[in-house]
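Take a look at the letters that make up each chain.
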Amino acid sequence: MSWRARVSRSGGGTLGCGRSSHTLLGVDRRRIAYGLSVLAGVVVLAMVAAAAFTVWSVRRPYPDYSGTVEVARLQGDVEIIRDEYGIPHIYADTAEDLFRAQGYVHAQDRFWEMDVRRHVGAGRLSELFGETSVESDAFLRTLGWRDVARQEFPLLAPPTRRYLRAYADGVNAWLAGRSGGDLGLAYTVIGLNGADTAPARWTPIDSLTWLKAMAWDLRSNMEDEIGRALTAGSIPPERVEQLYPEYPYDEHPPIVSDDYLPEGPVPELVGTDGATLDGRALSALVEAESAIAAVPPIVGTGEGIGSNSWVVDGSRTATGTPMLANDPHLEPAMPSIWYQIGLHCRAITDACPFDVTGFSFSSLPGVIIGHNDRIAWGLTNLAPDVTDLYLEQVEGDLYRVGDGWMPMETRRETIRVAGGNDVTITVRTTRHGPLLSDHSSELRDVGATAPVEVEADAPAPVDEYAVALRWTALDPGRTADALFMLNAARDWESFREAAAMFEVPAQNLVYADVNGNIGYQAPGKIPVREAGDGRWPVPGWTGEYEWLGYIPFEALPSVLNPDEGYIVTANQPVTSPEYPFLLTADFDYGQRAARLHDLLADAGPLDADTMLAIQMDSRNPMAETLVPHLLALGDLGHYYGDGLELLRDWDYRQGPESAAAAYFNAVWRNLLRLTFHDELPESQWPAGGGRWFAVMEALLSEPDDPFWDDVGTDQVETRDQILRTAARDARDDMTRRQGKDPKKWAWGRLHALTLTERTVGDSGIGLVEALFNQGPVEVGGGSAIVQANGWFAMDGYETSWAPSMRMVVDLGDLDESRWIDLTGVSGHPYHEHYGDQTELWRTGRSLPMRSSKEAVRAAGVNSLLLVPPVDQ
């Protein structure tokens, strides 16, 4: 639950998306920046010349939080109460009015964000940003999210369709009579580039398309599949495998222990056509999957996207009732991806079953993570392998199937370009899915380098190899139904009914209720393969690697009230290899999960403050392994040795003020550079997260491993030579960055977080960026650490992903629950709620997560009444 999709250098993780800081849903933001630079320069000149105009332009779109507004199609009055941080709670008599008001409120605060999201999902960014976005749009059109969303809408339950239409009504009620700078400051900027600043009406398809975009962001191990193939072009496959170590189940426990795995025969599988597979297919499947399960799972995903969640029962809390914590790790942005909200039917009935408070996405009705009056839930990315890359032998618009050739499906797409001419592309699709390599240079490289043997008597001619994507989310589904069912669930049974509809993206669902129960459920549409484990691209012409069906929901891992009294999900494996199906071969390596187990097991009675403190834990698991090797290097001299002296009494915690953490991470970055950059392709240089912790732990015990040798020199380097060089280079690096005195170094200054608006905030023009962006702010934590302010070692030390929010729910007294957002509810620059939660977030503080009407009304600062038009 990042959740934005990016063409990345690291793995997939929750809601859970951060990877390269330069990409947005497959879009290179540097291209957008280039395209905006000229028009941004014009804006700068105008702003410098007329400061009063600047102030007016900034404040012009600010919404009214008080008063009375007529909203078309409302059935009755709706009250919106906002607290001192602008967080709205909505009260309505019908579910449709509730979601109309949510659409109105989202548009008030975040319409620019919503508009960009729908343009991304539809592959229409060029309409906003001009010709520099055409290549990105071509890739997104190839995926065809909006086409799938159109097919999906009529499959949804009637209430879901009504709620999506009502949400669109609310957005459009706010849009009525507004355009250009009335909508947001960004429209003033892009209007100078010839973009149309009178947006189209919002539709339910816009909401469903964004749900597909989020699924792309959490699509599991596709990056690892690509990475293996590209790396195999530089080093032998057996050395590639060395970079994806086996998972240590004895050290880092899975989410669900073997004691809670389903017993008895494997349930019948659902085929790809929706029908139950017959016994012969089932027998073949069980044999194949048993062979796959015997292979130790490999970990490599989740370095850039992940999340923490855990739930504890009353035996471990001070109140004697359950508590639930969640903090999804995503690429930071201005504003945050989340929007805090309360949605309350004035009377809970079958027709209006919602009394929910939590974190929503602008663009979608309902709450994604939160609680209602009976249950609470949290999400982390389960990251099942729901994608496969098929290498296709291609000749023109033909592709090989067995010993013959079949025509591809083709369609033409026209991309409108602001300030330029339309561009028409052709999208080609095989039986496995769209050809991504037609519009991705990286995937064209995969087609050229993936280690797939081709038989000598292959049908000729073969011009080229292309890469097709098979992905569950490209089949229409009913995940939107699951969201509303989850919001209205009353107990474990109705929670699981909602989970059964949660197809894509599959998330680890943790659960707690007011009756004292805690639980975990793995949902999702997870394929079962005839052969292979999804770790490498496979030949598409042989028919050996097809999907047989999907794991039945009844066979997916689940546990209610485990004996341990708590459940931890942090993107680690869901089960041990004893589970009869393969969920994925690429989980997170489990350092965060293991640390959370230790902290929860050692803690006394837990309360909200303790839970929040655990979320801020900054202990680096790699330091405990690496520091002894560094201290054993011997005398490096006064200048080079004084960095190492910082490590002697270090507790391995990475607070923002820590000098030792600053030096250690400088060593770590240089160590990765010296060890791997000489042999790996640049796109696969180490990011430095959990997988690389595991790789380096193994290498440290092998001082003469070939990876230590720098192939660019005549001599053969060993481990200690590389460690010594890394320690010296780190000292020089810190001297250049923060001065000669190690006592004045600080990890937070090195590891600062800048909150960047992802479009015009990347313009490269200082004054424009100053209007839209905030920071830098000094933060602690790091990669594969509970306080997951992660960074990419190949790029620098700056924070690249972070806890996008934090939440602790107290099921004994819901008004005692706590929450905090990375930024604030407003998407309007310089608005009082644009970044008013950031400092609280940075320092580990939080806000009351009020949900009862009494608490909400007592804290109310503004009240807005939405009413039906008099003449309706």
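K.L.:
Can you walk me through the overall build of the chain in this structure?
P.N.:
Scanning the chain for helices and strands turns up 26 helices and 35 strands. Sorting the 872 residues of the chain into buried and exposed places 65% on the buried side. Carbon together with sulfur atoms contributes 49% to the accessible area of the chain, which is approximately 29300 Å² in total.

K.L.:
What's the story with the environment of Arg110 in this structure? I'm lost.
P.N.:
Inspection of the secondary structure assignment puts Arg110 in helix H3 (residues 95–122). Taking the relative accessible area as the measure of exposure, Arg110 reaches 1% and is therefore buried. Counting along the chain gives 74 residues from Arg110 to Gly184, while the straight-line C-alpha distance between them is 8.7 Å. Arg110 has contacts with Pro335, Ser336, Ile337, Trp338, Tyr339, Ser362, Gly824, Val825, Ser826 and Gly827, leaving out every residue within four places of it along the chain. A polar side-chain atom of Arg110 sits 2.8 Å from the main-chain carbonyl oxygen of Val825.

K.L.:
Help me understand the state of the cysteines, please; the structure alone is not making it clear to me.
P.N.:
Put plainly, a disulfide is one covalent bond tying together the sulfur atoms of two cysteines. Going through the model one piece at a time under the given rule, you end up with 1 disulfide. Here Cys345 connects covalently by a disulfide to Cys352, the sulfurs 2.0 Å from one another. Given an S-S torsion of about -85 degrees, the disulfide between Cys345 and Cys352 has left-handed geometry. Cys352 matches Cys345 in its accessibility class, with the two residues each being buried.

K.L.:
I keep staring at unusual backbone geometry and nothing clicks. Help me out?
P.N.:
When glycine is set aside, most residues are seen to have a negative phi, and most peptide bonds are trans. Residues Val504 and Pro505 are joined by a peptide bond in cis, for which omega reads 0 degrees. In this fold, Pro505 is placed in the loop between helix H15 (492–500) and strand E21 (507–513). Cis geometry marks the peptide bond from Gly775 to Pro776, where omega comes out at 5 degrees. Locating Pro776 in the fold gives a position in strand E30 (residues 774–777). Although it is not a glycine, Asn561 sits at a positive phi angle of roughly 55 degrees. Position of Asn561 relative to the elements: it lies in the loop between strand E26 (558–560) and strand E27 (566–569). Positive phi, normally seen in glycine, also occurs at Ala784, with a value near 60 degrees.

K.L.:
Would you mind showing me how to read the pairing of strand E13 (residues 375–381) here?
P.N.:
Both faces of the sheet carry side chains from a regular strand, because those side chains alternate between them. Counting buried positions along E13 yields 7 of 7 residues, so the element is predominantly enclosed. The alternating pattern of E13 places Ile375, Trp377, Leu379 and Asn381 and Ala376, Gly378 and Thr380 on opposite faces, both of which are buried. As paired elements, strand E12 (residues 369–371) and E13 share 2 bridges and run antiparallel to each other. Its bridge partner being in E13, His371 is matched across the sheet by Ala376. Taking the residues between adjacent antiparallel strands as the criterion, E12 and E13 are bridged by 3 residues. Alignment of E13 against E21, held across 7 bridges, turns out to be antiparallel. Of the residues in E21, the one forming a bridge with Leu379 is Leu509.

K.L.:
Just to check I follow, could you spell out the sheet that holds strand E19 (residues 433–434) for this structure?
P.N.:
Strand pairing in a sheet is mediated by backbone hydrogen bonds. Such pairs are either parallel or antiparallel. Taken in spatial order, the 3 strands make up an open sheet running E17-E18-E19, and their pairing is antiparallel. Of all strands in the sheet, those bounded by a partner on one side alone are strand E17 (409–415) and E19. Examined bridge by bridge, E17 and strand E18 (residues 423–430) share 7 bridges and lie antiparallel to one another. Residue pairing for E18: Arg411 is matched across the bridge by Val427.

K.L.:
Please clarify how the packing of helix H19 (residues 637–645) against helix H22 (residues 719–738) should be interpreted in this entry.
P.N.:
Each packed pair of helices is defined by two parameters, the angle between the axes and the distance between the axes. Interhelical geometry of H19 versus H22 gives an angle of 90 degrees and a closest axis separation of 9 Å. Taken together, the axes of H19 and H22 are roughly perpendicular relative to one another. Counting all contacts with H19, which are made through Tyr639, Tyr640, Asp642 and Leu644, the residues of H22 involved are Ala727, Arg728, Arg731, Asp732 and Thr735. Here the contact of H19 with H22 is composed, by residue class, of 4 nonpolar, 1 polar and 4 charged.

K.L.:
Help me out: how do you make sense of helix H7 (residues 158–175) in this one?
P.N.:
Within an α-helix, residues lying three or four positions from one another point in the same direction, as the helix has 3.6 residues per turn. Helix length check: H7 (18 residues) gives 26 Å between terminal C-alpha atoms against 26 Å at 1.5 Å per residue, within 8%. Burial in H7 covers these residues: Thr160, Tyr163, Leu164, Ala166, Tyr167, Ala168, Asp169, Gly170, Val171, Asn172, Trp174 and Leu175. Two residues or fewer past H7, Gly177 is found with a positive phi of approximately 80 degrees.

K.L.:
Whenever I open this one, the sheet that holds strand E5 (residues 88–92) confuses me. Can you help?
P.N.:
Sheet architecture is open: 11 strands sit in the order E3-E35-E4-E5-E10-E11-E12-E13-E21-E22-E26, paired in mixed fashion. One side of each edge strand has no neighbouring strand; the edge strands of this open sheet are strand E3 (67–70) and E26. Here the average twist between neighbouring strands, direction ignored, is 20 degrees. Across 4 bridges, E3 lies against strand E35 (residues 862–867) in parallel orientation. Among the inter-strand pairings, Gly67 is bridged to a residue of E35, identified as Leu864. Packed on one face of the sheet, H3 meets E3, strand E4 (78–82), E5, strand E10 (339–345), strand E11 (355–360) and E35 and runs near 160 degrees to E10. In the packing of H15 onto the sheet, contacts are made with E13, E21, strand E22 (518–521) and E26, and the angle to E22 comes to roughly 15 degrees.

K.L.:
Quick question: what am I supposed to make of the nonpolar core here?
P.N.:
Most often, soluble globular proteins have nonpolar side chains that are buried together. Trp471 and Tyr520 are the most contacted members of the largest nonpolar core, which has 156 residues in total. In terms of residues, this core owes the most to one element, H3, which gives 12 residues.

Conventions adopted
- Residues numbered from 1 in each chain as written.
- Predicted model: local features only at pLDDT ≥ 70, side-chain atom pairs only at ≥ 80, totals over all residues.
- Heavy atoms only, no water.
- Helix = DSSP H or I, 4+ residues; strand = E, 2+ residues; numbered from the N terminus.
- Buried < 20%, exposed > 50% of the residue type's maximum accessible area, 1.4 Å probe, protein only.
- Areas by Shrake-Rupley, 256 points an atom, 1.4 Å probe, with all protein chains shown as cover.
- Contact = heavy atoms within 4.5 Å.
- Polar contact = N/O pair within 3.5 Å; in protein donor to acceptor, adjacent residues only side chain to side chain.
- Disulfide = S-S within 2.5 Å.
- Pairing = 2+ DSSP bridges.
- Axes fitted to C-alpha atoms, helices over the stretch in contact; angles between N-to-C directions.
- Parallel < 35°, antiparallel > 145°, perpendicular 65-115°, else oblique.
- Nonpolar A, V, L, I, M, F, W, Y, C, P; charged D, E, K, R; others polar.
- Expected span 1.5 Å × (residues − 1).
- Core = buried A, V, L, I, M, F, W, Y, C linked by side-chain atoms within 4.5 Å.

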